[in-house]
Amino acid sequence: YIGAGDRMQDVFDPATGSVRTQVALATKATVETAIAAAEAAFPAWRDTPPAKRAQIMFRYKQLLEEHSEEIDFLLTQEHGKVLNDAQ
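Quick look at the structure, then.

**With respect to the pattern of salt bridges**
Then step 1. Taken as a whole, this structure holds four salt bridges when the rule is applied.
Then step 2. A salt bridge links K28 to E32, with the nearest nitrogen and oxygen atoms 3.9 Å apart. Of this pair, K28 and E32 both sit in helix α1 (residues 28–47), four residues apart, which is roughly one turn of the helix.
Then step 3. Residue class for E32 comes out partly exposed when judged on its relative accessible area of 43%.
Then step 4. Where R46 meets D47, a salt bridge forms, and the shortest distance between an N and an O atom there is 3.7 Å.
Then step 5. A relative accessible area of 46% places R46 in the partly exposed class.

Reading guide: rules and limits
- Counting restarts for each chain: residues are numbered from 1 in the order of the written sequence.
- At least 70 in pLDDT is required for a residue's local features to be given in this predicted model, at least 80 for side-chain atom pairs to be given and counted, and no such filter applies to totals for whole chains, interfaces and linings, which use all residues.
- For side-chain calculations, the full set of non-hydrogen atoms in the structure is used, while hydrogens and water are omitted.
- Salt bridge, as used here: a side-chain nitrogen of Lys or Arg that lies within 4 Å of a carboxyl oxygen of Asp or Glu.
- Numbering of helices and strands runs from the N terminus; a helix is a DSSP stretch of H or I covering at least four residues, while a strand is a stretch of E covering at least two.
- Residue exposure (1.4 Å probe, protein chains only): buried if accessible area is under 20% of the type maximum, exposed if over 50%, otherwise partly exposed.

These figures come from the coordinates and say nothing about function on their own.
As structure tokens, this is what we get:
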């Protein structure tokens, strides 16, 4: 992914304790860039009327619900969670 560094983190299978895969960890520069982007975006979000913010957050909720099975699967793969924990 964008901003991946050379550092890797093992992801363990909770059932067996074995390493399932590895994921790349973000670099300090990537984290700082993300923080700067969030700080730059905040004033516009702060100035957005509450009703519009509520619409955006509701749509986000809808998308999470529509894709919950995919998200649950990804959580089990990326974080070594069992499916019940991911749900």
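From this point, things continue past the structure.
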